[in-house]
Structure formats: structure tokens, C-alpha cells
Amino acid sequence: MTAQRRPRRLLGGALIVALLLGVAAGCGDDGGDADDASDTTEASEEMSADVDPALEEAVATTYADLVFDSYDDAVSGAVDMQTAIDTFVAAPTDESLDAARQAWLDARDLYGPTEAFRFYDGPIDNPDDGPEGQINAWPMDEAYVDYVVDDPEAGIINDVEGYPEITADVLVSANEEGGETNISTGWHAIEFLLWGQDQSEDGPGDRPVTDYTDSPTAERRATYLQELTTLLISDLESVRDEWDPESGAYREDFLSDPHEAISKMMRGIGALSSGELAGERIAVAWETKDQEDEHSCFSDNTDADVRNNAAGIELVYLAGGAEDSLSALVASVSPELDQQIRDQLDETTAIIETYDAPFDQMILGDDEAPGRVALIDTVESLQAQGDLIALAATELGHEISLAI
Amino acid sequence: MGALLLVACNDAGDEEASTTTAPPADRTLSGGAATVHVDGAGAFEQPVPGLEGEDRRAFAVGNNFFNDNWVTAPASTEGRDGLGPTFNAQSCSSCHFRDGRAQPPEGPDDPERGLLLRLSVLDAAGDVVPHPVYGDQLQDRAIEGVPVEGAIRIEHTEVTGEYADGTPWSLLEPSYSIVDAAFGPIGDDVLISPRIAPFVFGVGLLEGIPADDITARADPDDANGDGISGRANMTIDPRTGDDALGRFGWKAQMATVEAQGASAFLGDIGITTPLSGPENCPPAQVDCMAAPSGGDPEIDELKLDRVTFYTRTLAVPARRAVGETDTDRGEVLFADLGCAGCHVPEATTGPADVPALDRQRITPYTDLLLHDMGEGLADGRPDGLATGSEWRTPPLWGIGLVETVSGHTRYMHDGRARDLEEAVLWHGGEAEAARRDYIDLSADDRQALLAFLGSL
């Protein structure tokens, strides 16, 4: 990270700008050297003085609209999935199970891009009550939920005595009993109940439909699946509603300080790019070669997760092609840097498009294996992308951390 | 506008003036080249500057295994299963949230899990050994189907006093007991040592301080008569099997960052490592013994190496407010009161594989030695060579950012102090003279001392 101190905001906005201009012009000899700790406050604020506050506000507003629309799409996807799951539970067949799985995959495509809205303690993941852990917890604690190979009696589903009734409330409190609120709910718990453990070398999990027909705990499993889905939808709705253009409390707060809003936006995509996606989601599996050390390990959908996260970063930066984009804001202070970021986004996309095998196959082999080369190239492109976003943030007067 | 400009210029001028009379401007660089200028909620979770390529990846991988939950075995994610059977937390970050300090739980229902209890008894020969039924640590959580060992109960007694100027103060003295004990009464003869999860950054630098520099300060018999002894805890490096100076843990009972991490994996999360013995399942705990394992060991060499690398390369946050009048006056008082006798400001690290850790002048404010801290803080539970009233001097760098990062101001080994002022007042034993002098200070001077601590 560059050595930037957070600008102090003790005075009114307009006054600050005037004062900063004064400092820069009257006393500044700092030359913007980001590595010189003693000068960084002035250095960063000098640069931010060039940023048009009206453009900041427009960019932040466009973003807030986009966040709401994206979560609204994610909710719709989850509701469609719920329909398919209800149909499956009412009449479990191979066909209705396939349809439910497909609905999960489709819904994930809509959720994935929204991960670009994390990492700044917003509605999705603020440490007090953000539901991210309940929505997207990983790794999923399989044996806490249902039977696994070598332990046919495992899990809440098979523990009739300990959990006589399965409701969303029971699931939430059972989680808390074990520790964090994130071990047995969310997308990956649903995935586990649809696909089951992935025991195959080259394909996804293959949970038999009889788990929902002939098993002594078939009904409890179905209830668990439905309750998980209901909980997921209500969590997604709660996040979406915070961004509602009419009534969203967080949106109002977010837009009350457009300069700070820009900082959050950039922190979100920088941390997703360099920290979460490059680091947590790709580099870890690349290094460990643990075949199931991948986010959607039951369904083998991890390559799509990567694609969807990368798409989310691009969505935030380009604002889906809208005029008031982060790209336009960066270009307003440095057209060259904006071009560099766009090029890097393109490079990331191009690398991901070359993926031609499931993620858990790509990580295998020696370091010259095409899959491993593609993944390490992705890591490096995403890290470069994160560094460029941090640099752009500095140009816009922010200190952002890429750490997660 | 002219007046404003003048004010701004004068401020800058003051800073320059003060830095010419004091040590160089890099007084902000507490970790030398391993310092970052981040003072927000992410201040403790930054990599040291200059990590590239493989090192950057190793940091990311270590971060992941530090943050993510371990799950019940068996699981598809074979590299991440083996939680428990009994445990205190599911991940390192449950207690070291954002690599920061934990706080004690408010009550029995508080999900906060950063405080644990170490347990011992004296055997027939008078040696300190783990409790025969509950082991050497109370694990207050367990996987499905395995009984939880028990729960921590904390009761408080108020301790009051006043400063020389008549200002009253009040401290809460905690006492600990174990309730809901699953395997029968734990017994009155149990020795309990409460420990809070400390912040993590900077340990790579502390590990790099030459052992001779640390032991050179030891003065076990107080030969110099300054009231401060300072003893080294000696232990064994589990990697080499050799005797080694203890540096880490509240009683300096661990020799290396790796040993500390491996011990926490086993004791706190129930994850066996290449450096540790079997699961914490004393013979009486049959369900614990029978629970499935996540592999042998549950965290392998590669992952343990990455987590160790990650913790070693967490950067130290830079000081703030250096050069401000109060802060600098507080720094002088800190030395005058004798605080710096144990919280030794400076150290120099030896050669290291990571450039940012290599031969750095640092200001951790610790001598890494054991000191008798008096009856008020004593846990009565010896740990290696450390007696029941000795504690290792903890580093003070970054303490001023605990509130920003962790959202609380709880200090000392069990988080009993509710702010830095209480932390000072809790000192006793070898620090009793310094504490008395602090009580005699004027309110202004006390404030200056706290301002200095807050700038670290």
C-alpha cells in the first residue's frame, strides 16, 4: 500500500477545499511523493482538489442506483430458484432436481457481480449486522448440516432429537451455538443440499434424488432446503432495501458524502480484485491444489464465480456504460490511468475467457499446465488491477487498502 | 482566507520546528521499513511494504487460512476440516478480528470469543500439569455430538482509589470460575489463567530481535537495584527441538511465531499441526476421542508455513501525532516514570528473508522479558519458567489504534482495563513505583502520558 493518511475532515467541505488549496500553494513543497510519510496528508489532498465535486456526486448516485438494481436482480434470481425448489420438493424427480440445480446456477450469476459491493462495511458486510456470512459463508460445514461420506448420521438434518423442528429461526440460532453465524446457511448450503458432496474426480456432486424420497429424513432435508432458501431471500431483500432509491437508509447515508462514497466504491473493487478474488479464491487453491478448495465445490461452478466477480468489478468501474462512471471520474484527473485500468480489466476478462475446464481441474498438474498458467495469469492481472485502482484512488484523494 | 492560510502554514512550521529538536522524523516508523501509514479499521491487517510475486501470494494464502472457518470433519474441503472436537473458535480471525485484539465477553450470552482460560493442577510431586479431565485449556465450544467442556463465568469486584490531586478512579477486578462443567466438578485446586487474544502484527520483527539483545537486559536478581528484574522464559522450539528463548504469548512461553501459531491452532481451534501432538481429548472425554479426524495433521506444512508467513509479514502501523506538544511531553514522562524500563522503546532486528523485516530499527516498547506484576494481576498459574505473578512485557506499538480497529479499549492480559488509564493503574509489582509516580502526576501530565500512548 502507498503511504497515504486518511484526509481529515474536520471543517465544512467548501472551507476544506479552500484551505487545502492554500496549504498546497502556500507551504507545499511536498511534490506528491507518496512514500514520504511526513507529507502525505497534504499530497493526497492537493490532488483531490482537482476532483469535481459535482461529478463525484453524479458518479456516487449512479453507483447507488446500480447497486440497488443488482441486488434486486439477485433477489429475483433467488425467488425464481425458490419456485424451482418448491416444485422439486413437491415432486422430487431427477428432472425437477436438475431444474432446481439450474435455477441455483442462474441465480448465482446474478449474485456474483454484487460482491463488488462488499469490503467497506456497507449493508452486506458491516461487522455488526451485515448478513454476508449468512448468505455466502464458505467453507460450508457439511457435516453440521447433513450426512457425509464416512458419517451417515451427521448433521442437524439427521439429529431428530436435538432439532425436533427445522425452521429458519432454528437454523440461525444453531449457527450461533457453534460459533460464527455462517456455517450452515446461504448459497453453498443450498448448493450442498442440491448436489451433495463432490466425490468425483472430474464432475460435480451427485446427490441422489432418493435423499428427498426414500431417506428417513427426506422430509426434514426438504424443509431445511426450503427454509434456507427463504432465509437467503429475506437476507438479500434486507440488503437491497438499504439501497432503495425511495427509502434506503444506507443509500441516504452513502450519498450524503459523495467524496467518501467514491472511496468506498474503490475500496470495494480494489479489495475484491486483489484481495478476495486473486488471493482468497484463486491463489489459495492454486497453491494448495486441494481439489475441493473452491467456492462452489459441490456444483463445480467456481469458474463462473470468478467470471461473475470480475464482471462485478467491471460493472462498478464502467457503471454499465453510463456517463457518470468511476472511469469518467478517474479520466477527469488522469486519462492515462483510466485507460490503463480499462486495459487491465480487458486483460482479466480475456484470460478468464480462455478457461476450458472446471476450476478443480485447472489447479492440478505442474506449473506449466495450461490451467495453472491461466489461473496464475488471472491472479497477476487481478493484482495489477487492484494496484491500479489503489493508485487511481490516490489520484482522487483517497487512501484505500486492498487488504481483506 | 488569509488568516486560514496563515494558520495552515504555522501548523506546518511548528511540526518542522519540533522535529529538528527531537529524534529524526522517522519516529513515526515504529516498524522501520515494515511500517504502513494506515490509521483506519484496516490498520492492523496490512502486508509489509514490498511483498511481490510468491511472497504476495504466500501472504494471501496465509490470510485465507487465518480468516476462514475450519469445519467439522469429514468434509469435501479436505484441507479445511478437522474443527475441534472441542474448540474455542472456528478461525484465527474469530478472536483476532482484522488481526486485532479481542475483548472479554460481557456476559454468558455474548458471542465474543476472544478470552480463554488455561488450566493446570499441581500433581503429587508439586509439578504443574494439565488438569487430568479438562486438559490445559477450557474449550467452551464443541462440534455436533461432542460435549462442551464448560463455560466461563466472570465476576467483578470494584477497586477504587484516587490520584494525588483527589480525582477518584475505579477499576473492575475480574475473578474467573468454570460453570456447566460437563465432566464433573473441576475442583478447587485448579489453577486458572485467563488470556485475551492480542493483536497480531509486528511479530515477525519481534522474532528477529537477536536473543542475546533480549537476554542482555535480563536482571533476574535485580543486581542493579532499580526494582525491575526481568527474566527470560526458556522453552523449546518445536521445529528444531532445541532450547530457545520464549518471546510470544502472555508469559513468553512460545519461542517462535510458528510455534505460537501451531499451539493456537491446536489449543484454540482443535486443528492438529505437524508440530503438535494429538487432539485435546483427555481420556475422560470419550466422544471427543471418538470424533472423526480431519487428517494427520489437519493443517499441513504448506498451510502452516503460509499462515506463519502471513503473521510475520503483517505490518506495524505508523505513529500519529508525533511532534505534538502533549504527545512529546508524554513520551518524556513515559521515560521519567520508568515505564521504559520494561517497555523498552527501541530494538534492532537481525537479518531476515523478507526485506522489510531485515535489520530494522524498530520501536516496539517491549523487552520481551518476564516481570512480576504484583498480586493484582497474578493468575497464580506458573507457565514454563514464568511464575504465577509474572507476565511478559507486551509491545505497545499500535495500542492507540485498538479502538479504531477492534471497536473497544480493553487492555491487559484478560482485557480487564477499560481504557489506557486503567491499564496504567493495573500495573503493580515491579511497576509499582512507576504506578505510584503516575498517581502523583497532575491531571495535565496524566493526560499527556495517555496522549503519548494513544499516538503509538
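None of the values given here were measured: they were computed from a predicted structure.

Conventions adopted
- Residues numbered from 1 in each chain as written.
- Chains lettered and ligands numbered in written order.
- Predicted model: local features only at pLDDT ≥ 70, side-chain atom pairs only at ≥ 80, totals over all residues.
- Heavy atoms only, no water.
- Helix = DSSP H or I, 4+ residues; strand = E, 2+ residues; numbered from the N terminus.
- Contact = heavy atoms within 4.5 Å.
- Areas by Shrake-Rupley, 256 points an atom, 1.4 Å probe, with all protein chains shown as cover.
- Lys, Arg positive; Asp, Glu negative; His and termini not counted.
- Charge placed at Lys NZ, Arg CZ, Asp CG, Glu CD.
- Axes fitted to C-alpha atoms, helices over the stretch in contact; angles between N-to-C directions.
- Parallel < 35°, antiparallel > 145°, perpendicular 65-115°, else oblique.
- Nonpolar A, V, L, I, M, F, W, Y, C, P; charged D, E, K, R; others polar.
- Core = buried A, V, L, I, M, F, W, Y, C linked by side-chain atoms within 4.5 Å.
- Buried < 20%, exposed > 50% of the residue type's maximum accessible area, 1.4 Å probe, protein only.
- Phe/Tyr/Trp six-rings, centres within 6.5 Å; stacked < 30°, edge-to-face > 60°.
- Lys NZ or Arg CZ within 6 Å of the ring centre and 35° of its normal.
- Pairing = 2+ DSSP bridges.
- pLDDT = per-residue confidence, 0-100.
- Salt bridge = Lys/Arg side-chain N within 4 Å of Asp/Glu carboxyl O.
- Disulfide = S-S within 2.5 Å.
- Expected span 1.5 Å × (residues − 1).
- Polar contact = N/O pair within 3.5 Å; in protein donor to acceptor, adjacent residues only side chain to side chain.
- Left-handed = near helix turned anticlockwise from the far one by under 90°.

Undergrad: Explain the overall build of chain B here, please?
TA: Across its full length, chain B carries 13 helices and 15 strands. Each principal axis of the C-alpha distribution contributes one length, and for chain B these read about 75 × 55 × 45 Å. Across chain B, every contact between residues at least 6 apart in sequence was considered, and the portion connecting residues at least 24 apart equals 67%. Carbon together with sulfur atoms contributes 52% to the accessible area of chain B, which is approximately 17800 Å² in total. Separation between the mean location of the 32 positive side-chain charges and that of the 76 negative ones in chain B comes to 3 Å.

Undergrad: I tried to follow the packing of helix 12 (residues 302–318) of chain A against helix 13 (residues 326–333) of chain A on my own but got confused; where do I start?
TA: The description of two packed helices rests on the angle between their axes and on the distance between the axes. Residue and element names in this part refer to chain A. For the pair helix 12 and helix 13, the least separation of the axes is 5 Å and the interaxial angle reads 60 degrees. By the angle class used here, helix 12 and helix 13 are oblique. Contacts from Val316, Tyr317 and Leu318 of helix 12 reach helix 13 at Leu326, Ser327 and Val330. Here the residues of the contact of helix 12 with helix 13 sort into 5 nonpolar, 1 polar and no charged.

Undergrad: Looking at this structure, how should I read the nonpolar core?
TA: Nonpolar side chains in soluble globular proteins generally cluster together in the buried interior. Of all hydrophobic cores here, the largest spans 221 residues; its most connected members are Trp243, Phe254, Met266 and Leu326 of chain A together with Leu453 of chain B. A total of 17 residues in this core trace back to one element, the largest contributor, which is helix 3 (residues 53–90) of chain A. Setting aside anything within four residues of it in sequence, one finds Phe254 of chain A in contact with Ala60, Tyr63, Tyr120, Trp243, Ala261, Lys264 and Met265 of chain A.

Undergrad: Help me understand unusual backbone geometry in this model?
TA: Most of the time, phi is negative for any residue but glycine, and the peptide bond is trans. Residues and elements named next belong to chain B. Cis rather than trans, the peptide bond between Gly84 and Pro85 has omega equal to 15 degrees. Along the chain, the position of Pro85 falls in the loop between helix 2 (53–67) and strand 2 (86–87). The amide bond that connects Asp296 to the next residue, Pro297, takes the cis arrangement and shows omega of 0 degrees. Along the chain, Pro297 falls in the loop between helix 7 (286–290) and helix 8 (301–312).

Undergrad: Would you mind going over the packing of aromatic side chains with me for this structure?
TA: Given two aromatic rings, their pairing is described by the distance between the two centres and the angle made by the two planes. Using the criterion set out here, one finds 26 aromatic pairs over all chains in the structure. Summarising the aromatic geometry, the rings of Phe65 of chain B and Trp70 of chain B are spaced 6.2 Å apart at their centres and angled 45 degrees between planes, so their arrangement reads as tilted. Trp70 of chain B shares its class with Phe65 of chain B; the two are buried. For the ring pair Tyr163 of chain B and Tyr438 of chain B, a centre distance of 5.8 Å and an interplane angle of 75 degrees mean the geometry is edge-to-face. You can see Tyr163 of chain B sitting in the loop between strand 6 (151–162) and strand 7 (168–179) and its partner Tyr438 of chain B sitting in helix 12 (residues 432–440), a full 275 residues away along the chain. As far as the burial class goes, Tyr163 of chain B and Tyr438 of chain B line up, both buried. Directly above the ring of Trp286 of chain A sits Arg372 of chain A, whose terminal nitrogen or CZ lies 4.0 Å from the centroid. If you follow Lys251 of chain B out to its NZ or CZ, it ends over the ring of Trp391 of chain B, 4.3 Å from the centre.

Undergrad: What should I look at first to understand the environment of Leu391 of chain A in this one?
TA: On the secondary structure map, Leu391 of chain A appears in helix 16 (residues 370–395). Each C-alpha atom, one on Leu391 of chain A and one on Asp94 of chain A, is 51 Å from the other, the two residues being 297 residues apart in sequence.

Undergrad: What exactly am I supposed to notice about the sheet that holds strand 4 (residues 128–129) of chain B here?
TA: Strand pairing within a sheet occurs via backbone hydrogen bonds; the two strands may be parallel or antiparallel. Residues and elements named next belong to chain B. Taken in spatial order, the 3 strands make up an open sheet running 4-3-8, and their pairing is antiparallel. If you trace the sheet from one side to the other, it starts and ends with strand 4 and strand 8 (191–196), each paired once. For strand 3 (residues 115–122) and strand 4, the ladder comprises 2 bridges, and the chain directions are antiparallel. Opposite Val121, over in strand 4, you have Val129 as the bridge partner.

Undergrad: What is the right way to look at the confidence of the model for chain A in this model?
TA: The predicted structure's coordinates, where accompanied by low pLDDT, should not be read in detail. Predicted confidence across chain A gives a mean pLDDT of 86, with 86% of residues reaching 70 or more. Between residues 1–47 of chain A, whose pLDDT stays under 50, and residues either more than four places distant or in other chains, the model counts 62 contacts.

Undergrad: Looking at this structure, how should I read the pattern of salt bridges?
TA: Where side chains of opposite charge bring their charged atoms close, a pairing between them can arise. Residues and elements named next belong to chain A. Across all of its chains, the model carries 45 salt bridges over all chains by this definition. Of the charged contacts in the structure, one is a salt bridge between Arg281 and Glu115, with a shortest N-O distance of 2.8 Å. In this pair, Arg281 sits in helix 11 (residues 258–288) while Glu115 sits in the loop between helix 4 (94–111) and helix 5 (132–136), placing the two residues 166 residues apart along the sequence. Like Glu115, Arg281 is buried. In this structure, a network of salt bridges that share partners links the residues Glu115, Arg118, Asp125, Glu132, Glu276 and Arg281.

Undergrad: Any chance you could explain the confidence of the model for chain B here in plain terms?
TA: For chain B, the mean per-residue pLDDT works out to 92, and 95% of the residues sit at or above 70. Contacts for the low-pLDDT stretch residues 1–24 of chain B, under 50 throughout, to residues beyond four places or in other chains number 10 contacts.

Undergrad: What is the right way to read the state of the cysteines from this model?
TA: Residues and elements named next belong to chain B. Tallying each qualifying case throughout the model produces 1 disulfide over all chains. Cys281 shares a disulfide with Cys288; S-S distance 2.1 Å. Residues Cys281 and Cys288 are joined through a disulfide that is left-handed, its torsion about the S-S bond being -65 degrees. The exposure class assigned to Cys281 is buried, which follows from its relative accessible area of 12%. Unpaired in this structure, Cys95 has its nearest cysteine sulfur neighbour in Cys92, at a distance of 8.7 Å. Cys339 carries a free sulfur, and the closest cysteine sulfur to it, the one in Cys342, is 9.1 Å from it.

Undergrad: Before we go on, may I ask you to explain helix 3 of chain A in this structure?
TA: Working note: α-helix, 3.6 residues per turn, so residues spaced by three or four point in the same direction. Between its first and last C-alpha atoms helix 3 of chain A spans 55 Å; for 38 residues at 1.5 Å apiece the expected length is 56 Å, and the two agree. The distance from a side-chain oxygen at the start of helix 3 of chain A to the backbone nitrogen of Ala54 of chain A is 2.9 Å, and the residue carrying that oxygen is Asp52 of chain A.

Undergrad: Can you walk me through the packing of helix 12 of chain A against helix 14 (residues 335–353) of chain A in this structure?
TA: Residue and element names in this part refer to chain A. Taken N-terminus to C-terminus, the directions of helix 12 and helix 14 make an angle of 160 degrees; their axes are 10 Å apart at the nearest point. Taken together, the axes of helix 12 and helix 14 are roughly antiparallel relative to one another. For the crossing formed where helix 12 meets helix 14, the hand is left-handed. Mapping the contact onto sequence places Val306, Arg307, Ala310, Ile313, Glu314, Tyr317 and Leu318 in helix 12 and Asp338, Ile341, Arg342, Leu345, Thr348, Thr349 and Ile352 in helix 14. Across the contact of helix 12 with helix 14, the residue classes break down as 8 nonpolar, 2 polar and 4 charged.

Undergrad: Before we go on, may I ask you to explain the pairing of strand 3 of chain B in this structure?
TA: Each regular strand shows side chains that alternate between the opposite faces of the sheet. Residues and elements named next belong to chain B. A large share of strand 3 lies buried, amounting to 7 of its 8 residues. Where strand 3 meets strand 8, 6 bridges bridge the pair, whose relative direction is antiparallel. Counted as the bridge partner of Leu116 is Arg195 from strand 8. Hairpin connection between strand 3 and strand 4: a loop of 5 residues separates the two successive antiparallel strands, and Gly126 in this loop has a positive phi of roughly 85 degrees.

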